[in-house]
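Overview (structure and organization)
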Amino acid sequence: MQDKVEERSLVNVLNRLRKDGFTFDFKVSSEGRLCTMEDKHTYTPDQVRIVDFYRFEGESNPDDMSILYAIETNNGLRGTLSNSYGPYADAKVDDFLKQVEDLGKNLDKKDK
């Protein structure tokens, strides 16, 4: 992965991640499972690895802060999941990702 200092916008990072094979868009379902937008595949926290993450801040408004996760599943699907910070954050996403981290899926520096 490239140096994060070079990244300027969410769109630039998404485009680069797509080129690197992170082509799926993930969400967290109401049941608390990670799934593709089409709900064709679902995953529990122990079936997911966070490969990298990127934080973004709005230029003029702190409410525009967000985070983008590059994720790989146990069956090889690679994609992204985004969330906001603060009051606009999706609690389901936060809860799911906390479980991933608790299961030892912390970032592995050799992937960078």
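Calculation criteria
Residues numbered from 1 in each chain as written. Predicted model: local features only at pLDDT ≥ 70, side-chain atom pairs only at ≥ 80, totals over all residues. Heavy atoms only, no water. Pairing = 2+ DSSP bridges. Helix = DSSP H or I, 4+ residues; strand = E, 2+ residues; numbered from the N terminus. Phe/Tyr/Trp six-rings, centres within 6.5 Å; stacked < 30°, edge-to-face > 60°. Buried < 20%, exposed > 50% of the residue type's maximum accessible area, 1.4 Å probe, protein only. Core = buried A, V, L, I, M, F, W, Y, C linked by side-chain atoms within 4.5 Å.

**Points about the pairing of strand 1 (residues 24–28)**
- When strand 1 meets strand 6 (residues 78–84), the two strands line up parallel, connected through 2 bridges. Residue pairing across strands places Phe24 opposite Gly79, the latter belonging to strand 6.
- With 3 bridges connecting them, strand 1 and strand 2 (residues 34–36) associate as antiparallel partners. In the strand pairing of strand 2, Lys27 is matched with Cys35.
- Between strand 1 and the antiparallel strand that follows it, strand 2, lie 5 residues; Gly32 among them carries a positive phi value of about 80°.

**With respect to the pairing of strand 6**
- Direction of pairing for strand 5 (residues 66–73) relative to strand 6: antiparallel, over a ladder of 7 bridges. Paired with Ala70 across the strands is Thr80, a residue of strand 6.
- The antiparallel hairpin formed by strand 5 and strand 6 contains 4 residues in its connecting segment, where Gly76 sits at a positive phi of about 95°.

**Concerning the packing of aromatic side chains**
- Applying the stated criterion to the full structure yields 2 aromatic pairs.
- Taken together, a centroid distance of 6.4 Å and an interplanar angle of 40° make the contact between Phe53 and Tyr69 tilted. Remark: Tyr69 occurs in strand 5 and Phe53 occurs in strand 4 (residues 48–56); sequence separation between them is 16 residues.
- Phe53 gets classed as partly exposed once you look at its relative accessible area, which sits at 25%.

**Observations concerning the nonpolar core**
- Grouped together as the largest cluster of nonpolar side chains are 15 residues, with contacts concentrated most on Phe26, Leu34, Val48, Ile71, Leu81, Phe96 and Leu97.
- Secondary structure elements with two or more residues in this core: strand 1, strand 4, strand 5 and helix 2 (91–102).
- Here this core takes 4 residues from helix 2, the largest share from any one element.
- Judged by nonpolar contacts, the second largest core, of 8 residues, contains Leu17, Phe22, Phe56 and Ala70.

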